[in-house]
Amino acid sequence: MQASGMTAPRLPPAKAATGFWSWVRVGFFSSTGSSILTLVMAAILVVTLPPLVRWAFLDSIWQTDDPAICREASGACWAVVAEKHRVMLFGTYPYEQQWRGVLVVALMVALILASTVRRWWTPKLLMAWVAGLAVALALQFGGFLGLEFVQTTMWGGLPLTMFIFVGTIAGGMPFAVLLALGRQSDMPIIQKLSAGYIETIRGIPLVNILFMAALMFPLFMPEGVNFDKLLRAQVGMIMFFAAYTAESVRGGLQAIPRGQYEAADSLGVSYWDRTFKIVLPQALRIVIPPIVNDVIRAFKNTSVLVIIGVLDLLGGTMAALEDPEWTRYYVEAYLFIAILYFVFCFSMSQYSQKLEAELKSGRNY
Amino acid sequence: MRPLLLHAAAIALGLATVAQDAHAATLDTVKQRGTLICGIHGGRAGFSVIDSQGRWTGIDVDTCRAIAAAVLGDASKTQFTKTTAQSRFPVLQTGEVDVLTNNVTKTLLRDTSLGFDFGPVTFYDAQGFLVPRSLNAKSVKDLDGATVCVAPGSTSEKVVADVFRRNDMQYKAVVIDKPQELSQAFFSGRCDVNVQTTSGLASQRAIFAKNPDDFVFLDEIAGKDPMGPVVRHGDDQWTDIVTWVVYAMIEAEETGVSSANVDKMLESDDPGIRRLLGVTPGLGKALGLDEQWAYRVIKQVGNYGEAYERNFGEKSALKLPRGMNNLWTKGGLLYSPPFN
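Residues numbered from 1 in each chain as written. Chains lettered and ligands numbered in written order. Predicted model: local features only at pLDDT ≥ 70, side-chain atom pairs only at ≥ 80, totals over all residues. Heavy atoms only, no water.

(A) Quick look at the state of the cysteines. All names here are of chain B. Applying the stated criterion across every chain, the model contains 3 disulfides over all chains. The side chain of Cys38 participates in a disulfide bridge whose partner is Cys64; the two sulfur atoms lie 1.8 Å from each other. On the S-S bond that ties Cys38 to Cys64, the torsion sits near 85°, and the link is right-handed. Pair noted here: Cys38 is in strand S1 (residues 36-40) and Cys64 is in helix H3 (residues 59-72), with a separation of 26 residues, a long-range link. As far as the burial class goes, Cys38 and Cys64 line up, both buried. Disulfide pairing is shown between Cys149 and Cys191; the S-S distance is 1.7 Å. (Disulfide = S-S within 2.5 Å. Helix = DSSP H or I, 4+ residues; strand = E, 2+ residues; numbered from the N terminus. Buried < 20%, exposed > 50% of the residue type's maximum accessible area, 1.4 Å probe, protein only.)

And the structure:
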């Protein structure tokens, strides 16, 4: 700069809009409309927030096993969660055995957390999942080492929700990829079958599929042949998840430039090598946001199991609330499980955003 | 042509026999499995609900436990399948449950066209009248000019119209569609009378009333809702067992045998009690069970009165008067045929 011999006048830096007051001015009162909106929202908050806080925190009952005390109180009765949490979280699983359910949930959460670390995405992780799921299922079933055997009809609550959720993803994801590949296939029968399957399942509500699995399917079976109801429901969930996710995956397949397929073909790369080593790694990366969307929906869809009489987290809560002494505190109980569902779903969406940012670096499509 | 037809007939007959066999042995299936599977509603106070420890309770649950006690020797060898109004009949038809104790109202068509058989009634329900105690009404005749909460198109709406017309009285109807809102309206004082099934009213009173004691049932009832265990048609031995397990609970109450005194009653001189408890053998063998079946039912589950008290009585949340569900000797409808 010195060398050029010309010196531009040095200006002070532009006044940065920092500090609390400028944040308020820019964020809340930047225009007349925005100011009015801010005032209206503030008024609504002033009116609604104090009663809410009073109901939820100040006048509420946190711990009692006597519903009469809750009847006297004007605030929330969080004691219903304390009283009924066993049924809400574990359904009709034998009371003394529910520590097994705690272990199952802990194991699943640990596996899911471990899977979020990208460094660990190796075949070992897959083996850890297989082993972990086997241990979880063994714990949940019991029947060895003095552990009481517990039939699937007695399963319930959060462990059941986790099993169905993990099972849906584990079974549905490979199925979805196959369906997406099938729909893109050059072979007419496979193409038609895949497209037909996807369109049929997408045209039927999940409730309907579950009803078929739970009620109609046994009618078609010969006398004495019967599959576990939970297994039938699980298959129904997998079928539903796969149909939707297949379409998400297909979006990724279509985004891969045609030239890459042709380049692979011209080099004599086989179909499976091309698919698994070139196309899918890129395609799946592109479709992370819609797939996470599908996964979150699969988690929430587990609550539909209620309608076929399975006591998942929501079903357990509904069953717990049938106790006439405690029914009236349903708002508190439902808020509690809403928070649980939110924690799971929000963590998933946060993770997907982080993953997306990491994988995007250095790419422009 | 003829031999072919004969063959076809023979095959069809053979298939029919096979199907019959698969159906015919519920008792063997249950014994082999070691657990009794019952279809329950799973969400009706008094009939089948989960307590805070995750255990099933209710009169339907007790019926199931009693059958398990008789057949398997242990009332806890039960497994409950939660069924909905849509799924309860298919699960029985497909054999997923051994007996359906899902407060099913006994009707002719259900008995015949669905292919079921009904055991004895374990709960007589009907449309009842709930009024505030402050109204000082003892009978529907005291209700002239009353405001009545009803749901549109419901059985109760018909019952109300009938009862008031028959007694030549006036009433004002407050029509509310949603059950929840209807209950809230009644218990907050918007109407004087709430008409629904007595069991439903009792549970709503426990749920919604500030002080449940402020509301009382009138003596009258209308309509018929007899509920009892249901089994598949065609398995006569199983039907007999389910039937007589229920009767044993009623007979026990009538003869004063309860879970508390059943061991002492084993030494009773009463020939009826001796036969019931298997001291004088014969009844168990006739049913295809051992002789202690009824003893175990009473010891592990109790007599009918105990089951009622536990689930509907004064100590429960429902506080439902026994009414029709009392012994015939006390003005109710419960009557067990003789145990001999």
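That covers the picture; the talk isn't over yet.
(B) Expanded view of the pairing of strand S10 (residues 193-197) of chain B. Residues and elements named next belong to chain B. For S10, the tally of buried residues reaches 5 of 5 residues, placing the bulk of the element in the interior. Note: strand S7 (residues 123-132) against S10, 4 bridges, orientation antiparallel. Bridging across to S10, Gly128 finds its partner in Gln196. In this sheet, S10 lies alongside strand S8 (residues 146-150) in parallel orientation, the contact comprising 2 bridges. Following the sheet pairing, Val148 is matched in S10 by Val193. (Pairing = 2+ DSSP bridges.)

(C) Structural view of the interface of chain A and chain B. Contacts between the two partners involve 30 residues from chain A, matched on the other side by 35 residues from chain B. Taken together, both faces of the contact between chain A and chain B bury some 2,600 Å²; the carbon and sulfur share is 56%. Counting every contact that joins chain A to chain B gives 1 salt bridge. If you look at where chain A meets chain B, you find 7 residue pairs in polar contact (both at pLDDT 80 or more). Mapped onto the side of chain A that touches chain B, the elements with two or more residues apiece are helix H4 (79-90), helix H9 (206-220) and helix H10 (229-255) of chain A. Here the side of chain A that touches chain B takes 5 residues from H9(A), the largest share from any one element. In terms of residue class, the side of chain A that touches chain B is made up of 13 nonpolar, 7 polar and 10 charged. (Contact = heavy atoms within 4.5 Å. Buried area = accessible area lost by both parts, 1.4 Å probe. Salt bridge = Lys/Arg side-chain N within 4 Å of Asp/Glu carboxyl O. Polar contact = N/O pair within 3.5 Å; in protein donor to acceptor, adjacent residues only side chain to side chain. Nonpolar A, V, L, I, M, F, W, Y, C, P; charged D, E, K, R; others polar.)

(D) Layout of the pattern of salt bridges. Residue and element names in this part refer to chain A. A complete count under the given rule lists 21 salt bridges over all chains for this structure. A salt bridge links Asp273 to Lys277; its shortest N-O distance comes to 3.7 Å. With a gap of 4 residues between them, Asp273 and Lys277 both fall in helix H12 (residues 271-286), about one helical turn apart. A relative accessible area of 34% means that Asp273 is categorised as partly exposed. Taken together, the shared-partner salt bridges connect Arg183, Glu199, Arg202, Glu247 and Arg250 into one network.

(E) Structural view of the nonpolar core. Of all hydrophobic cores here, the largest spans 171 residues; its most connected members are A:Leu253, B:Leu36, B:Val71, B:Trp238, B:Leu277 and B:Trp293. The element best represented in this core is helix H7 (residues 157-184) of chain A, accounting for 13 residues. Look past the residues within four positions of B:Leu277 in its chain and what remains in contact with it is B:Val257, B:Val262, B:Met265, B:Leu266, B:Glu291, B:Tyr295 and B:Ile298. By size, the runner-up hydrophobic cluster in this structure holds 18 residues, among which are B:Val131, B:Ala146, B:Val160 and B:Val163. (Core = buried A, V, L, I, M, F, W, Y, C linked by side-chain atoms within 4.5 Å.)

(F) Local environment of empty space enclosed by the protein. With the rule as written, the count across this model stands at 3 cavities of 30 Å³ or more. If you add up the space inside the largest cavity, you get close to 90 Å³. The wall of the largest cavity is formed by A:Thr168, A:Leu206, A:Met237, A:Phe240, A:Phe241, A:Tyr244, A:Asp294, A:Arg297, A:Ala298 and A:Asn301. Of all the secondary-structure elements, those providing two or more residues to the lining of the largest cavity are H10 and helix H13 (288-301) of chain A. Here the second largest cavity defines a volume of roughly 60 Å³. Taken together, A:Phe211, A:Ala214, A:Leu215, A:Lys229, A:Ile308, B:Thr81, B:Lys82, B:Thr83, B:Ser87, B:Val91 and B:Glu96 make up the full set of residues lining the second largest cavity. Listed by contribution, the elements that provide at least two residues to the lining of the second largest cavity are H9 of chain A together with strand S4 (78-82) of chain B. Among the elements that make up the lining of the second largest cavity, the one with the highest residue count is H9(A) (3 residues). In terms of residue class, the lining of the second largest cavity is built from 5 nonpolar, 3 polar and 3 charged. (1 Å grid on protein atoms, 1.4 Å probe; cavity = no way out; pocket = protein on both sides within 12 Å on 5 of 7 lines; lining within 4 Å. Points joined across faces, edges and corners; volume = space filled by probe spheres on them.)

(G) The arrangement of the layout of surface pockets in detail. Residues and elements named next belong to chain A. Computed from the structure, the largest pocket encloses a volume of approximately 1,800 Å³. Lining the largest pocket are 37 residues, and of these Ser115, Trp121, Trp129, Ile169 and Met173 lie nearest its centre. Those elements that place two or more of their residues in the lining of the largest pocket are helix H5 (98-115), helix H6 (123-141), H7, H12, H13 and helix H15 (330-360). Top contributing element to the lining of the largest pocket by residue count: H7, with 8 residues. Residues of the lining of the largest pocket, tallied by class, amount to 32 nonpolar, 4 polar and 1 charged.

(H) Representation of the environment of A:Asp294. Residue and element names in this part refer to chain A. Mapping Asp294 onto the fold places it in helix H13. Residue Asp294 is classed as buried on the basis of its relative accessible area of 6%. When the C-alpha atoms of Asp294 and Ser248 are compared, they prove to be 8.4 Å apart, with 46 residues separating the residues in sequence. Apart from residues no more than four positions distant in its own chain, Asp294 is found in contact with Phe241, Tyr244, Thr245 and Ser248. Engagement of the side chain of Asp294 in a polar contact is seen with the side chain of Arg297, the distance being 2.8 Å.

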